[in-house]
Amino acid sequence: MYALLRQAHPPTGVEHCLSCKFISADEESLVVAGASFLSVYRLKSSDVATPTSERRKKLELVVEHQLYGSLQSIQSVRLHHNSRDSLLLGFNKAKLSIIQFDPETHDVKTVALRYFEEDLYQDGTQPVCIPLVRVDPEGRCAAMLVYGSRLAIMPFGRDHVLEEHEAFTPADQKPDSSFYVIELHKLDGQLNNVIDIQFLHGYYEPTLLILYEPIQTWPGRVAARQDTSAMVTISLNLVNQVHPVIWTLSHLPFDCLQAMPVPKPIGGVVVLATNSLLYLNQSVPPYGMSLNSITETSTSFSLKPQPNVCISLDCARAAFLSNDRLVLSLKGGEIYVVTLIVDSMRSVRSFNFDKAAGSVITTAVCVTGDGYLFLGSRLGNSILLKYAEKTGDLNPPAAEDDEEAQPEAKKVRLDSTSEEPSSVLLDDMDELEVYGTEAQAGTELASYTFEVCDSIVNIAPVARMVLGEPSFLSEEFSSANQLDLELVGCSGFGKNGALSVLQRSIRAQVVTTFELPGCTDMWTVRSPERPSDKEEEEDEEEEDKKEEASMLSAYHSFLILSRADSSIVLHTAQDINELDHSGFNTKAPTVFAGNMGGNKYILQVCPNSIHILEGDKRLESLDIDDVTIVGCSLADPYAVLLCSDGSLSLVTFQELNELGEPMDSADTEPSKLQLTRHALSSESHVVACSAYKDVSGLFGISQGVQPVEMKNETEAPAVASATAATFQPILGSRLSVDEEDDLLYGDTSADMLFSNAVEHSLPEEPSEPASATQRTVEPDDIVEPTYWCAVCRESGILEIYRLPDFQLAFQFPDFPAGLQLLTDHPEAEQDGEVAQTGILPVHEILLVGLGPKSDRPYLIGRVDQDLFIYQAFRSPTPALTDHLSIRFKKFEHQLLLREKTGRTVTRLTDQDSGKGDREQLMKTRLSQLRVFHDVSGYSGVFVCGHYPHWLFMTDRGAVRAHPMSIDGPITSFAPFTNVNCTEGFLYFNKTEELRICVLPTHMLYDSYWPVRKVPLRATPHSVSFHPESKTYAVVASQPVVNKAAPRVNNDDLEEIEILERDERFIYPTLDKFSLQLYSPVNWEVIPNTRYDFHDWERLTALKTVRLRSQETVSRRKGFIALATTFAFGEEVSARGRILLFDVVDVVPEPGKPLTRYKLKLLCKKDQRGPVTTLEQVDGLLLAAVGQKVYVWDFKDGKDLVGIAFIDTQLYIHTAVSLKNFVLVGDIKKSVSLLRYQEENKSISLISRDIYPLEIFTAEYVVDNKQLGFLVTDTDRNLILYHYQPEALESCGGQRLLRRADINVGSHVNAMFRTPCKTSGAAVSLGCSSDKRHITWFATLDGAIGFLIPMPEKTYRRLLMLQNKMLVSLPHTAGLNPKSFRMFRSRHPGLNNPHRNILDGDLLWRYVGLGHKERVELARQIGTTQGQILQDLTDVEKASSLF
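In this text, all values refer to a predicted model and were calculated from it rather than measured experimentally.

A. Seen up close, the overall build of the protein. Looking only at helices and strands, the protein features 13 helices and 90 strands. With 1442 residues in all, the protein has 57% of them scored as buried. By sequence separation, contacts in the protein at least 24 residues apart represent 61% of the contacts at least 6 residues apart.

B. Structural context of the packing of helix α9 (residues 1352-1368) against helix α13 (residues 1425-1438). Where α9 contacts α13, the two axes come as close as 11 Å, and the packing angle between them is 115 degrees. By the angle between their directions, the pair α9 and α13 is classed as roughly perpendicular. Seen along the crossing, α9 lies across α13 with a hand that is left-handed. Contacts from T1354, R1357, L1358 and L1361 of α9 reach α13 at Q1427, I1428, D1431 and L1432. Here the contact of α9 with α13 is composed, by residue class, of 4 nonpolar, 2 polar and 2 charged.

C. Expanded view of the packing of helix α12 (residues 1411-1420) against α13. Orientation of α12 relative to α13, taken along the N-to-C sense of each, is 95 degrees, at an axis distance of 8 Å. In terms of orientation, α12 and α13 fall into the roughly perpendicular class. Where α12 approaches α13, its residues H1411, R1414, V1415 and A1418 are matched on the opposing element by Q1425, I1428 and L1429. A breakdown of the residues in the contact of α12 with α13 according to their chemical character gives 4 nonpolar, 2 polar and 1 charged.

D. Quick peek at a nonpolar patch on the surface. Together, L1210, Y1211 and I1227 give the surface a local cluster of nonpolar side chains, amounting to about 260 Å² of exposed area. By the element assignment, L1210 lies in the loop between β78 (1199-1207) and β79 (1212-1218).

E. Seen up close, the state of the cysteines. Evaluated as defined, the whole model comprises 0 disulfides. We note that C789 lacks a disulfide partner, and the nearest cysteine sulfur, in C689, lies 5.2 Å from it.

F. Fine view of the confidence of the model for the protein. Averaged over all residues, the pLDDT of the protein is 82; the fraction at 70 or higher stands at 81%. Note that pLDDT drops below 50 for residues 393-442; the model gives that stretch 53 contacts with residues more than four away or on any other chain.

G. How the structure looks around the sheet that holds strand β54 (residues 866-874). Sheet architecture is open: 5 strands sit in the order β51-β55-β54-β53-β52, paired in antiparallel fashion. Every interior strand has two partners, whereas the edge strands, β51 (821-822) and β52 (842-850), have only one. Alignment of β54 against strand β55 (residues 886-890), held across 5 bridges, turns out to be antiparallel. Within the sheet, the bridge partner assigned to A872 lies in β55 and is F888.

H. The arrangement of the pairing of strand β75 (residues 1171-1177) in detail. Of all 7 residues that make up β75, 6 are buried, and the element is covered over most of its length. In the sheet, β75 pairs with strand β76 (residues 1180-1185) via 6 bridges, with the strands oriented antiparallel. For T1173, the partnering residue across the bridge sits in β76 and is A1184. With antiparallel pairing between neighbouring strands as the criterion, β75 and β76 make up a hairpin whose turn holds 2 residues, including D1178 at a positive phi of roughly 55 degrees.

I. The pairing of strand β59 (residues 959-963), seen in detail. Where burial is concerned, most of β59 is hidden: 5 out of the 5 residues are buried. Going residue by residue along β59, you find V959, A961 and P963 tucked away on one face and R960 and H962 tucked away on the opposite face as well. For strand β58 (residues 949-953) and β59, the ladder comprises 5 bridges, and the chain directions are antiparallel. Counted as the bridge partner of W950 is H962 from β59. Between the antiparallel neighbours β58 and β59 lie 5 residues, among them G957 with a positive phi of about 85 degrees.

J. Fine view of α13. In this model, α13 (14 residues) spans 20 Å end to end at C-alpha, consistent with the 20 Å of a helix rising 1.5 Å per residue. With respect to burial, α13 is a largely interior element, 12 of its 14 residues being buried. Burial in α13 covers these residues: Q1425, I1428, L1429, Q1430, D1431, L1432, T1433, D1434, V1435, E1436, K1437 and A1438.

K. Up close: the sheet that holds β79. A sheet is described by the order of its strands in space; here 4 strands give the open sequence β79-β80-β81-β82, paired in antiparallel fashion. Looking along the sheet, the strands with just one partner apiece sit at the ends: β79 and β82 (1242-1248). Along the sheet, successive strands turn relative to each other by an average axial angle of 25 degrees, direction set aside. Both strand β80 (residues 1221-1226) and strand β81 (residues 1231-1237) contribute to a ladder of 5 bridges, which runs antiparallel.

L. Summary view of the packing of aromatic side chains. All chains considered together, the criterion is met by 46 aromatic pairs. Seen in terms of ring centroids, W950 and F952 are 5.4 Å apart; in terms of plane orientation they differ by 5 degrees. Their pairing is stacked. Grouping residues by exposure puts W950 and F952 together as buried. Here the aromatic rings of Y1091 and F1093 are separated by 5.4 Å at their centres, their planes lie at 85 degrees, and the arrangement is edge-to-face. By relative accessible area, Y1091 is classed as buried at 18%. A relative accessible area of 2% places F1093 in the buried class. These aromatic residues form a ring-pair network of at least three members: F932, Y938, F942, W950, F952, F973, F985, Y987 and Y1005. Above the ring of Y1067, the side-chain terminus of K1043 is found at 5.0 Å from the ring centroid. Residue placement shows K1437 over the ring face of Y947; its charged tip is 3.6 Å from the ring centre.

M. Representation of the environment of S29 in the model. Along the polypeptide, S29 turns up in strand β3 (residues 29-34). If we skip the residues at most four places from it in the chain, S29 touches L18, S19, C20, F22, I23, V40 and Y41. Here the side chain of S29 touches I23 through a polar contact of 3.4 Å, landing on its backbone nitrogen.

N. The arrangement of α12 in detail. Residues of α12 that are buried: H1411, R1414, L1417 and A1418. Angular distribution of buried residues about the axis of α12 spans 135 degrees; they occupy a single face of the element. Away from its buried face by more than 90 degrees, α12 exposes K1412 and R1419. The inward-facing, buried residues of α12 abut β54, α9 and α13. Phi turns positive one or two residues past the end of α12, at G1422, with a value near 75 degrees.

O. How the structure looks around unusual backbone geometry. Cis geometry is adopted by the peptide bond preceding P461, which originates at A460 and carries an omega value of -15 degrees. Position of P461 among the secondary structure elements: in the loop between β30 (446-456) and β31 (465-468). The amide bond that connects D636 to the next residue, P637, takes the cis arrangement and shows omega of 15 degrees. Along the chain, P637 turns up in the loop between β43 (629-635) and β44 (638-643). With a phi angle near 60 degrees, K1219 is a residue other than glycine that sits in the positive phi range. Within the secondary structure, K1219 sits in the loop between β79 and β80. The exposure class of K1219 is exposed, given its relative accessible area of 73%.

Quick notes on the rules
Residues numbered from 1 in each chain as written. Predicted model: local features only at pLDDT ≥ 70, side-chain atom pairs only at ≥ 80, totals over all residues. Heavy atoms only, no water. Helix = DSSP H or I, 4+ residues; strand = E, 2+ residues; numbered from the N terminus. Buried < 20%, exposed > 50% of the residue type's maximum accessible area, 1.4 Å probe, protein only. Contact = heavy atoms within 4.5 Å. Axes fitted to C-alpha atoms, helices over the stretch in contact; angles between N-to-C directions. Parallel < 35°, antiparallel > 145°, perpendicular 65-115°, else oblique. Left-handed = near helix turned anticlockwise from the far one by under 90°. Nonpolar A, V, L, I, M, F, W, Y, C, P; charged D, E, K, R; others polar. Patch = residues over 30% accessible without salt bridge, like charges linked within 9 Å, V, L, I, M, F, W, Y side chains within 5 Å. Areas by Shrake-Rupley, 256 points an atom, 1.4 Å probe, with all protein chains shown as cover. Salt bridge = Lys/Arg side-chain N within 4 Å of Asp/Glu carboxyl O. Disulfide = S-S within 2.5 Å. pLDDT = per-residue confidence, 0-100. Pairing = 2+ DSSP bridges. Expected span 1.5 Å × (residues − 1). Phe/Tyr/Trp six-rings, centres within 6.5 Å; stacked < 30°, edge-to-face > 60°. Lys NZ or Arg CZ within 6 Å of the ring centre and 35° of its normal. Polar contact = N/O pair within 3.5 Å; in protein donor to acceptor, adjacent residues only side chain to side chain. Arc of directions from axis to C-beta.

Now the structure itself:
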């Protein structure tokens, strides 16, 4: 059996974050990383102002990458000859990569690689130590902890720059290498079990502190062994590679967690322990503070109690807000600000704790920007907070001595990197440092306020996931052959717990449907003319009229439908009616319709005429007889017309009075429409064009060396006599060229040096503007719009012209090639080698500004059956005079929009593209790229066609592509808003039905999949869908303080002892479980359906099982089954219960429709052992109790009667059935296959895996007549087993054979199975795809993926492609996908990796390659790119279920 694994939903849990100047040297970037992804954000100002009248900042995505490795550590450093920071990424098995941002490609590039994976550093074992990476505060070197026993030192100074050939050499081969390794046991024989390493501030040489525990202990052993932690500090001499020990300290509390270096001028280190907070400095005695009363018995270290503070720092995360203030995020989400109170000798004498707020449970925290704090979480949504200092009358803790209570002195300390001052100044500073100042300032304690500014959605960790049916589905979609499904998963932990409702595709809510046969296209237009209303009162106030008119002006007034030989105009008021008499041209088909003059006028373009209207009144018409108009693109006040002969015409709209001057608002003369024909000099005809209005400031004409914003008063249009002046609204006071240039692009005089940090004598690159890599235009900045026209020719040349004079400003020779980067080529040839090679046809291009403000330029093109999406960014190198200084970077969307047809790819060459064929082709084409604004608050582009997609662009700056395949192919689309449909849209489907729809607003579309998070404020453990009632059963737990301890008395009876401690004691918490029903209609709790479990009772399984029943015709009925375990502790034996519930339908209470369902307990059966899992088999209930598996029969719906059992392994925690087969997974002993036989009422063992394996979950893989068993383990592997009794190695079928394996990179804890989708386009995965199942899985990092069986022929073809792509494509951070997907095990075994599973993530990168790269890879493996893309399309369509 062969299969393909693909990650359909990337991970969302945030593990790491840091702030550095990664993108630009002038602003901070926020780097966020998780299990296998890396994202870089910038902070931008939003339109929403804070109560302090300051604008909030929000996150904007700049770069996002998937990594072929599990990121374990991340740091930033400013390398030599660089103006930006670089990132040091540490991966599993001691891999280190250094990446930088490349302004030339607007992407990241790998500049250095290092690995320490030799057996020399493993000591013959498989350690699980995290490869910690730390960087010196001065940027002189970095240190990496290798396998917990060695330190790899990497100098970064001017004299220690890496050689190019060294970046790819093993660690032990270091002739003339600046890398060197320190063996920790040579520093101290007991230096092992490293807890943390940190570089300290304020030392002349790089100084590294190592926090370790030479002899480990645990809380149950504290009475005999405590204070086992220690620290050692070494000074690194990078030149001589010596590292003397300069400071040691032992007998620290055993529960030390991490070290936080204190910035200058205080210096030293703060050590976070579970129950205490320590400050250590080489020059002063240590100081510690007790945070609770547990330290009275757990440590002998000298600690001062902190009054009114009773917290624990277990799982806490910390970051410095300033040199003396530390922010702590505790494991419960509480945020504390800790102030370090120091005296004149820089000695910390106290800590002040201020509880500031409550937030998410944090896994990473960093300070970014000016006054912003980012809290990254893998247990909830990551949030961006704005903090502000609020000075209050806070008093520091009273000191023991009055002299010690003296306020803090202002100190000055020399920076080791600064220039040497004069001797007099040096003496004064030494005096200040020793004695302090005479006028000592008081210690000012301040409280902080925190305000949420932005958040990143996270669905991790997914504990369980089930399939369900959506609560509402339009009647038009209910008759579909394929069942509509949605995913519901348990996400989060504690107060961040939630249910995540996910849908892969968008399901529109249909308002109404009309049958309009023969319509080919449609447009909606607005009109400020107020529709007549006979019932309106004449004495209404004028202000109310204006307000209502402004509201109505946002509505679409007319719907224009185009047919083959005519047009239909509908008036969209309260009712939609056809206009019989109007100024619209209805006797000819409509090519385009849109608004001009600020939505005041309507432009209708027909094949041989142009009409301008105000409302339904025609103002002016322009007839064109010599050519036929086949396309139009509008950028108010310009409209570019594409004619059938490949020429362009420009329509300029300007309101002129009778003297030919611009008309004032008081004039009543009609507007004027002027047409100018432009014959662009080229032998190649234009096949696509797009007009664009730029408001981002990115499209600026270069005046030689640096880009300068184009001004209207400096423009000299070549056709000024034939066209009117550009219409531009007054946006504010006008700026000079230099002022506006600085405003838009920053200080252009600053030299920005960019060089490779790992090579000697690198040449300096030319200077670049501060905003060369991103936009820096803020909401208050004034940007005058400019107008452009993108043109694609038949020869494949892409050109951008300035409007209205059509001056060439950008040119790229081969747009259909789909290259990763489009740069300006002014000398590009017009025809190239079209006659010899041919090019792919360009059907349509769209240059559009996306986002809520339309300020993110994107170039979208339909080439053959591919969709190209390019993002514009400013070029770091100056452009030629009068040319645009921009480039376009390809956005990898991985969308497959190819129709499955047998015809070959159509190419346009000089031989087969005659004039008649070309004109006929252009006349029959339709625009499939439709721009929309304000559809349920979103904006973007809708892609029509056989596989329609939404392309959303929100404030987050990321393009989100969501399919809408529920109604099949869509031929036309238009946004629509009126009194009955607010912020909706229209579309025509394949059956020529016009649907008026709205976008469901309860879903969030600014994510990888449309998602809705239902907050629970509790930890969800399991969820199950009950099909009969269409409700969801959810088991969640709330932590409660526990003061009781179970005991066993002399009579072996259990008793509960109540323990009382002092007020500063932190009591443990106990999870209180409960069962609750939820309605998917609005995801509210169904009243009176809550069932609370006993104290100490934990849920182990929740499933909806179909058991034998006499109440239904099918003799099966669904019940909610639960398995629980009473876990009292080590002294009391565990026992459990089996509970069966039924959801009954009752008469609802008046006004409470949700009360129609009640939860009825049918059976409660106590067991003498823990019940660990449940499953149904042949209408019976299977339960694992202790080391046995029982089969129960639910007799008469009242009691469970045991009919069979079998002895199993240690702890069965997962079971899944198929017919009468049951696959059970043990926590240590892998999987076993059982079979229930109805004839003799017995359950027996068929086969099992003989090798030990720690199982997470298991599921079946169905491939027609073949059956596989898929399991996941603790090493993040997916393993596929087969039952093959005819194989020799199976010992007659007693052993399950491992046939395939792959590493996922995340822990998989939820799996389910669905049939392949066969409706719509036929899926050709084998001869009978309807008998193939897709096995889906969800990970604890928030990723969702699937494994689908593949035919051997397709597998072999894609395997060859995968092997070629491994060595042909560059991979982020230099990671090897083959190594990442290799089977891993901490325990050495005798099995070799079998693989046989394709890496779908790598194969899907083939979609984003250029045309030539595709063809070359396909040629190397002896196939065609069409065949490869068809194979990938088949997988894509088979898995598009949700």
